[in-house]
Every structure is written in structure tokens, then in C-alpha cells.
Amino acid sequence: MATLPDTLETAIAQSVEATKAALAAGRTQLQVEILFPELKPMSVVQQYLSLFPELGTHFKVFFADAGAAALARRDWGETSSYTIKGVNEPLEPVQPEDEAFVFVAPTSVEVGTVEKICGLAGDRPCILINPKLQDVSIVGIGYAGRQLRERFLDLLETCYYLRPLEKGAVFRAYPSAWQVWWDEADVAYQIIAEEETRPAGDRLDQILAQFLPAQAKKTGILQEMQRMMRALTQ
């Protein structure tokens, strides 16, 4: 079982192993979420891909737009293993020789195109890294939005998830359950809850209520997230 990482590099390595485990279990539409303020996904994805040669010798990496894709091509240099594109570039996105597809921080603006590519991919791996697909103002909360969630968004398997909390984190590394970790009284981080689905909203509040003093609920959350971010990026 994976433990809460103490560096960003460890988190990325864990996310690769969790992805491999999910693929081995037959899950092909996956998402990886490492959610820290100011964390730029481009460097995360570059490290992720460098640790994951099992993706094959020919796959595509999609960015939200052509400008971001051009920046990645400039910074990463030429590679024979994968093609870097903007997700909406007017070129056929799925070819028979493609072995996998990686999407870098796609937003709800691109959700239709991402869903289409994942559908065309068939049983080939589709991996979304730090997606932002569920903006209610764009996806909607009515019938169309509900259909999209049932048809695509809710079927994505979150194989790796790391989100800082005050003195802790919500964490998942496939195939483990969702976990809430907490640093109580300056001892090592410990698991205080395990859930079958991602703890959020009222459920997360219930888990934390016994550990989080009332005053701390109102202050210090941003400082704690910044502290964890510094620790993970050192």
C-alpha cells in the first residue's frame, strides 16, 4: 500500500505505479490528480512520461490548446515516442498505430473533444492528468450535464489523487481505498479514514470534525497548503 508522499517526485512515481495497476486491472479511462496551488502540470507530465515507458513507442499527448502544445514541444524537445498536439487541432486525433493517449489539464471547454477521442480510442489507455472537466457553468446541471456525467465523467477511474488539507491530505493510489491522512499533535501522518468513494463536502467535514479545532476551521488552511506544497517541491 502506498503511503503519503513526502516529495513531488515520489508522488509522480506513485502515480505511475497506480496507473500501471489500474491498466493491469483492465481500466483504460483513467485520471491522475495532484492538486497543489501553483503547480504547473507540464513539468509533472514530463516526469510522469519519463517514468512510464510501458505506454509504448507511439502515443499522443494532448494539451488544451495549440499554444500550450507548442510550448511543450519547445521545452521538451523532439521525441520519437509520442506526438504533442492541441486537443482541438484540425488533424485526425486517433490513428491505428497509436498505443495510448495522455491529456494534460483538459478543461470543461474541451470535454466534448476529450470524450470523442476516448471513445475512438476503444480499449487503448486514455489518461487525464489534472483534468478540470466539471465546470458547472459550462457542463451544466440539467439533463445534458447529467447525461455527460453518466456517459463519460463518472466512468473515469481516479487511479491517483493527492489533495492537501489542513495538516493532512485526501489520498488515493489504485487499488487502495480513498484515504484521509492527518498529522495529529506533530506525529507522523496517519490514516484517519478509508472510504470507497472520494470523501468530499459534508462527508469530509464529518471525518475532519473530530481532529480540526473550531478556530482552525476558519484560519490557517491556506498556510498549511502552502507548507505542504513547499515540502513536496523541495
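Structure shown above.
Residues numbered from 1 in each chain as written. Predicted model: local features only at pLDDT ≥ 70, side-chain atom pairs only at ≥ 80, totals over all residues. Heavy atoms only, no water.

K.L.:
Please clarify how the pattern of salt bridges should be interpreted in this entry.
P.N.:
A side chain of one charge can pair with a side chain of the opposite charge if their charged atoms are brought near each other. Here the structure, examined in full by the defined rule, presents eight salt bridges. Measuring nitrogen to oxygen at the nearest pair gives 3.2 Å for the salt bridge that ties Lys 20 to Glu 54. Of this pair, Lys 20 sits in helix α1 (residues 8-24) while Glu 54 sits in the loop between α2 (41-50) and β2 (59-63), placing them 34 residues apart in sequence. The class for Lys 20 is partly exposed, based on a relative accessible area of 23%. As a salt-bridge pair, Arg 151 and Glu 115 come within 2.4 Å of each other at their nearest N and O atoms. (Salt bridge = Lys/Arg side-chain N within 4 Å of Asp/Glu carboxyl O. Helix = DSSP H or I, 4+ residues; strand = E, 2+ residues; numbered from the N terminus. Buried < 20%, exposed > 50% of the residue type's maximum accessible area, 1.4 Å probe, protein only.)

K.L.:
Where do I start with helix α4 (residues 111-121) in this structure?
P.N.:
Owing to its 3.6 residues per turn, the α-helix brings residues three or four apart onto one side. Those residues of α4 lying buried are Val 111, Val 114, Glu 115, Ile 117, Cys 118 and Ala 121. Across the axial projection of α4, the buried residues extend over an arc of 165 degrees, all falling on one side. In α4, those exposed residues whose orientation departs by more than 90 degrees from the buried face are Lys 116 and Gly 119. Gly 122, located one to two residues past α4, shows a positive phi value of around 65 degrees. (Arc of directions from axis to C-beta.)

K.L.:
Any chance you could explain the packing of α2 against helix α3 (residues 66-76) here in plain terms?
P.N.:
Between two packed helices, the angle of one axis relative to the other and the distance separating the axes together describe the packing. Packing of α2 against α3 brings their axes to within 11 Å, and their N-to-C directions diverge by 55 degrees. Comparing the axis directions of α2 and α3 gives the class oblique. Read as a crossing pair, α2 and α3 show a hand that is right-handed. Along the contact surface, α2 presents Met 42, Val 45, Gln 46 and Leu 49, while α3 presents Ala 68, Leu 71, Ala 72, Asp 75 and Trp 76. Here the residues of the contact of α2 with α3 sort into seven nonpolar, one polar and one charged. (Axes fitted to C-alpha atoms, helices over the stretch in contact; angles between N-to-C directions. Parallel < 35°, antiparallel > 145°, perpendicular 65-115°, else oblique. Left-handed = near helix turned anticlockwise from the far one by under 90°. Contact = heavy atoms within 4.5 Å. Nonpolar A, V, L, I, M, F, W, Y, C, P; charged D, E, K, R; others polar.)

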